Every structure is written in structure tokens, then in C-alpha cells.
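Take a look at the letters that make up each chain.
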Amino acid sequence: MAADPLNHILVTDIAGGRAVARAATTAQRQALMDLGFTASGADDTLSRALPDAADRLALVQRLIALDALFSDGRDWCPAALVGHLKDLGLIKTSYRVIAWSGPGAFTIRTER
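A. Summary view of the environment of Asp72. Along the chain, Asp72 turns up in the loop between β5 (69-71) and α3 (78-87). Along the backbone, Asp72 and Arg96 are 24 residues apart, and their C-alpha atoms lie at a distance of 10.0 Å. Here Arg109 takes part through its side chain, which lies 3.0 Å from a polar atom of the side chain of Asp72.

In C-alpha cells:
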């Protein structure tokens, strides 16, 4: 059975002018805050500005190092953006993607 996404950092947006992620634990929340994320609401969501492409790439690399899950979906979802960076040769390591198929139904895969 796949790992529970509730036990991981989950990246839900990274294509626009800000990154959005959810932290499952206090340690993960602190790791995100160390990367410049701040609380963006009453839940466990944190966000951070992305001023340029170089900053986005550096953040993606750090999130991969934290074993974050990049959400799959439509348009420029986090998984598609990281895949694009990998296709460009800017990401050289594997990363993990989560794809939702319904409420509570998901698959986690490693992209190499």
C-alpha cells in the first residue's frame, strides 16, 4: 500500500507567483518555514513568494530533498512543472508525485 500523504509535505502549487504546501508534522512545518514559507490560513497550509525562475528551481530542489510529494493534476500542476524542469535537465534526481483519483484515493509514484 502507498504511503499516507498525510505524513508528508504536500506541494499543491508552485507554478505561479507563489508556492503553496501543506505540512503533516511540526518538523515538516518548521522545514518549510526555514525555506521562507509562512502560514497562510487556519489550516496546515503555508505559502511563499516565488520572485523568479531561479528561486523556483532552488525551492523545487530543496522540496525534493525534503521528500515532498508534488501534486499531479491539470495544467501546470506541481508534478508537471517539476517534470518540465527535469526534461530541461535542471532537475537530476528522482522526485515523488501524488495523483488523486477520488476522496481518500490516491497513488504515489517516483519519477526517475
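Here the narrative resumes, following the displayed structure.
B. Structural context of the sheet that holds strand β1 (residues 10-13). Taken together, the seven strands give an open sheet; going across it, the order is β3-β4-β2-β1-β5-β6-β7, and neighbouring strands pair in mixed fashion. At either end of the open sheet lies a strand with only one pairing partner, and these are β3 (38-39) and β7 (105-111). Alignment of β3 against strand β4 (residues 45-49), held across two bridges, turns out to be antiparallel. Across the sheet, the residue bridging to Ala39 is Leu46, located in β4. The sheet contacts of helix α1 (residues 26-34) involve β2 (18-22), β3 and β4, and relative to β4 the element is tilted by about 10°.

C. Representation of the pairing of strand β6 (residues 95-102) in the model. In this structure, β5 lies alongside β6, joined through three bridges in parallel fashion. Of the residues in β6, the one forming a bridge with Leu69 is Arg96. Assessed by its sense of winding, the connection that carries the chain from β5 through α3 to β6 is right-handed. Where β6 lies against β7, seven bridges are found, and the strand directions are antiparallel. What sits directly across from Gly102, in β7, is Ala105. Here β6 folds back onto β7 in antiparallel fashion, the turn holding two residues, of which Gly104 has a positive phi close to 75°.

About the criteria used
- Residues numbered from 1 in each chain as written.
- Predicted model: local features only at pLDDT ≥ 70, side-chain atom pairs only at ≥ 80, totals over all residues.
- Heavy atoms only, no water.
- Helix = DSSP H or I, 4+ residues; strand = E, 2+ residues; numbered from the N terminus.
- Polar contact = N/O pair within 3.5 Å; in protein donor to acceptor, adjacent residues only side chain to side chain.
- Pairing = 2+ DSSP bridges.
- Contact = heavy atoms within 4.5 Å.
- Axes fitted to C-alpha atoms, helices over the stretch in contact; angles between N-to-C directions.
- Right-handed = clockwise from strand over helix to strand, strands pointing away.

Limitation: the analysis is restricted to geometry and does not speak to function.
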